[in-house]
Amino acid sequence: MALSRRLIVTTLTLLLLGACSSPPPPPPPPPRVLDPDAACLKELRDLRVSFEPQAPFGTPGSCSIANPVKVTGDSQTSWNHPGVMSCAMARTLEHFEQQVVQPAALKAFGKKVARLHHMGAYNCRSRRTEPVTAEAGGYSRGGRLSEHGKGQAIDVGAFELADGTMISVKKDWAGAGKKSEFLQAVARASCEHFNVVLTPNHNKLHADHLHLDIGPHKLCGM
Ligand SMILES: [Zn+2]
């Protein structure tokens with residue numbers, strides 16, 4: 001009897017202790033982080049870029065893109081061929097197109113650009129440097145990875161107007177006239193959107209295209 005009474009008292013005490021000691025507070029909910037990739041993809045859709053998301057590939061430090069997209073154009077332009085690049089690069093390019101390229105084309109020619117002729121976006125290679133042009137085809141051996149290898153760059157060769165008029169960096173950069181003025185104005189303004197802009201003024205490797213990239217360096221090669 002005494003034993004069972006002690007048992008009851010002990011049990012009650014334990015229950016009371018259990019009730020009084022507050023349980024540990026639940027862990028705070030994880031902060032709501034907006035997935036930057038999803039946000040960028042949504043922005044591309046809102047900007048009416050024609051693109052398809054691609055699977056991430058590679059590892060940082062080597063050729064890789066964490067959030068690749070394959071772009072074929074936008075609401076106003078089609079591209080001569082699809083270009084793979086990071087979503088951030090596609091977004092910057094679209095802003096550049098809407099804010100610089102189309103207004104400049106309307107101002108100079110009274111027509112919009114309907115087709116963008118590019119010579120490559122993602123490309124797993126090292127940076128090109130002029131001194132090794134002859135022996136290594138322009139690619140530095142063991143050199144630093146090009147921004148093209150990270151999907152952060154594009155080489156633009158020409159803009160084609162709605163009426164088929166071609167404005168080519170190779171043919172029209174130098175000299176006087178509307179086409180040259182258009183290209184120079186576009187290149188100058190592109191420095192406000194991209195971190196590195198290389199033009200025919202920079203070196204012979206860029207005689208036929210504008211290299212535009214959003215890499216970590218800053219250079220406006222006008
Ligand atoms: Zn390039």
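Everything numeric in this text was worked out from a predicted model, so none of it was measured.

How each quantity is defined
Residues numbered from 1 in each chain as written. Predicted model: local features only at pLDDT ≥ 70, side-chain atom pairs only at ≥ 80, totals over all residues. Helix = DSSP H or I, 4+ residues; strand = E, 2+ residues; numbered from the N terminus. Expected span 1.5 Å × (residues − 1). Buried ≥ 20, exposed ≤ 12 C-beta atoms within 10 Å, placed from the backbone. Arc of directions from axis to C-beta. Contact = placed C-beta atoms within 7 Å. Pairing = 2+ DSSP bridges. Core = buried A, V, L, I, M, F, W, Y, C linked by C-beta atoms within 7 Å.

Undergrad: How would you summarise helix α6 (residues 178-190) if you had to cite specific residues and measurements?
TA: Residues separated by three or four positions in an α-helix point in the same direction, a consequence of the helix having 3.6 residues per turn. End to end, α6 covers 18 Å across 13 residues, agreeing with the expected 18 Å (1.5 Å per residue, within 8%). Buried within α6 are the following residues: Lys179, Phe182, Leu183, Val186, Ala187 and Ser190. Seen from one end, α6 has its buried residues packed into an arc of 125 degrees, which puts them on one side. Those residues of α6 hidden inside the fold are in contact with α3 (87-109), β6 (166-168), α5 (169-172), β7 (196-198) and β8 (210-213).

Undergrad: Give a description of the pairing of strand β5 (residues 153-161) that names residues and reports values.
TA: The side chains of a regular strand alternate between both faces of the sheet. Where strand β4 (residues 113-118) meets β5, 5 bridges bridge the pair, whose relative direction is antiparallel. Bridge assignment links Leu116 to a residue of β5, and that residue is Phe159. Sheet topology places β5 next to β8; 4 bridges connect them, and they run antiparallel. If you follow Asp155 over to β8, its bridge partner there is His211. Two strands pair when backbone bridges link them, and β5 and β6 are joined in this way by 3 bridges, in the antiparallel orientation. The residue of β6 that forms the bridge with Phe159 is Ile167.

Undergrad: I'd like a description of the nonpolar core, backed by residues and values.
TA: Core analysis: the largest hydrophobic core is formed by 40 residues, its most contacted members being Met85 and Ala90. Looking at this core element by element, the count peaks at 9 residues for α3. With sequence-adjacent residues up to four places away left out, Met85 is seen in contact with Pro68, Val69, Val71, Ala90, Ala121, Tyr122, Gly151 and Ile154.

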